[in-house]
Amino acid sequence: MDQLDRKLLNLLQRDASRTNADMADEVGLSPSSCLRRIRRLRKAGIIDRIVAILNPSKAGRTLKALVTVELKLHGEQQMRRFTDRAMKEEAVAQIYDVTGDIDVVLLLRLTDMEEFDALCDRLFRDDDNVARFFTMMVIRSVKEETAIRL
């Protein structure tokens, strides 16, 4: 990956809806060379996927919560059982297996507190392997970046 690849990746991370010709012009390449580079970066797996980032308020998911989860049993099978169930939940946006006293951290995007309460029943309270969970409701996002610095 050279400097031109990095420039293209930074442009794509800021706004992937830009035209190939526009990006080529900005980095000083011909449109065909630009397209070849982007295809190569996709094939190499450097570009994982291209997505649209929605405005949570306009999408009806105005509440954001971080939930830390401690499990009673920490084996691979127990962890996978919990994370597989969490992945099926519509409000769960991100799941992280982490080190330390906490086993799993979840980022939730919720419509309201009723949805949160029902999710707590299904995912935490009804699971015998959940020792405890702690919830932090996000008041405001100070920085929420999707781009990876290159």
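This text goes with the structure placed above it.
Analysis parameters
- Residues numbered from 1 in each chain as written.
- Predicted model: local features only at pLDDT ≥ 70, side-chain atom pairs only at ≥ 80, totals over all residues.
- Heavy atoms only, no water.
- Helix = DSSP H or I, 4+ residues; strand = E, 2+ residues; numbered from the N terminus.
- Rg over C-alpha atoms; globule rule 2.2 N^0.38 Å.
- Buried < 20%, exposed > 50% of the residue type's maximum accessible area, 1.4 Å probe, protein only.
- Core = buried A, V, L, I, M, F, W, Y, C linked by side-chain atoms within 4.5 Å.
- Contact = heavy atoms within 4.5 Å.
- Pairing = 2+ DSSP bridges.
- Expected span 1.5 Å × (residues − 1).
- Arc of directions from axis to C-beta.
- Polar contact = N/O pair within 3.5 Å; in protein donor to acceptor, adjacent residues only side chain to side chain.

A. Up close: the overall build of the chain. Across its full length, the chain holds five helices and four strands. Along the chain, helices (α) and strands (β) appear in the sequence α-α-α-β-α-β-β-α-β when read from the amino end. In terms of overall size, the chain is more extended than a compact globule, its C-alpha atoms giving a radius of gyration of 20 Å where 150 residues would be expected to give roughly 15 Å. Based on the C-alpha atoms only, the size of the chain along its principal axes is roughly 60 × 35 × 25 Å. In the chain, buried positions account for 31% of the 150 residues.

B. How the structure looks around the nonpolar core. Within the largest apolar cluster, 19 residues are counted, with the highest numbers of intra-cluster contacts made by V69, F82, L106, L108, L123 and F124. Counting residues per element, this core draws most heavily on helix α5 (residues 113–125), at five residues. Excluding residues that lie within four positions of it along the chain, F124 makes contacts with V67, V69, F82, L106, L119, V130 and F133.

C. Looking closely at the pairing of strand β3 (residues 104–110). Taken across its seven residues, β3 has six buried, putting it largely inside the fold. For strand β1 (residues 63–71) and β3, the ladder comprises seven bridges, and the chain directions are antiparallel. From the neighbouring strand, T68 faces β3, where its bridge partner is V105. Inspection of the sheet shows strand β2 (residues 92–97) paired to β3 by five bridges, in the antiparallel sense. The residue bridging Q94 from the neighbouring strand is L107, located in β3. Remark: six residues form the turn of the hairpin made by β2 and β3, two consecutive strands paired antiparallel; G100 in that turn has positive phi of roughly 95°.

D. Region of interest: helix α1 (residues 3–14). The end-to-end C-alpha distance of α1 is 17 Å, a good match for the 16 Å that 12 residues give at a rise of 1.5 Å each. Among the residues of α1, those classed as buried are D5, L8, L9, L11 and L12. Along the axis of α1, the buried positions cluster into a sector of 160°, meaning they face one direction only. Opposite the buried face of α1, at more than 90 degrees from it, the exposed residues are Q3 and R14. Considering only its buried residues, α1 is in contact with α2 (20–27) and α3 (31–43). Regarding α1, its N-cap is D2, as a side-chain oxygen of that residue lies 3.2 Å from the backbone nitrogen of L4 further along.

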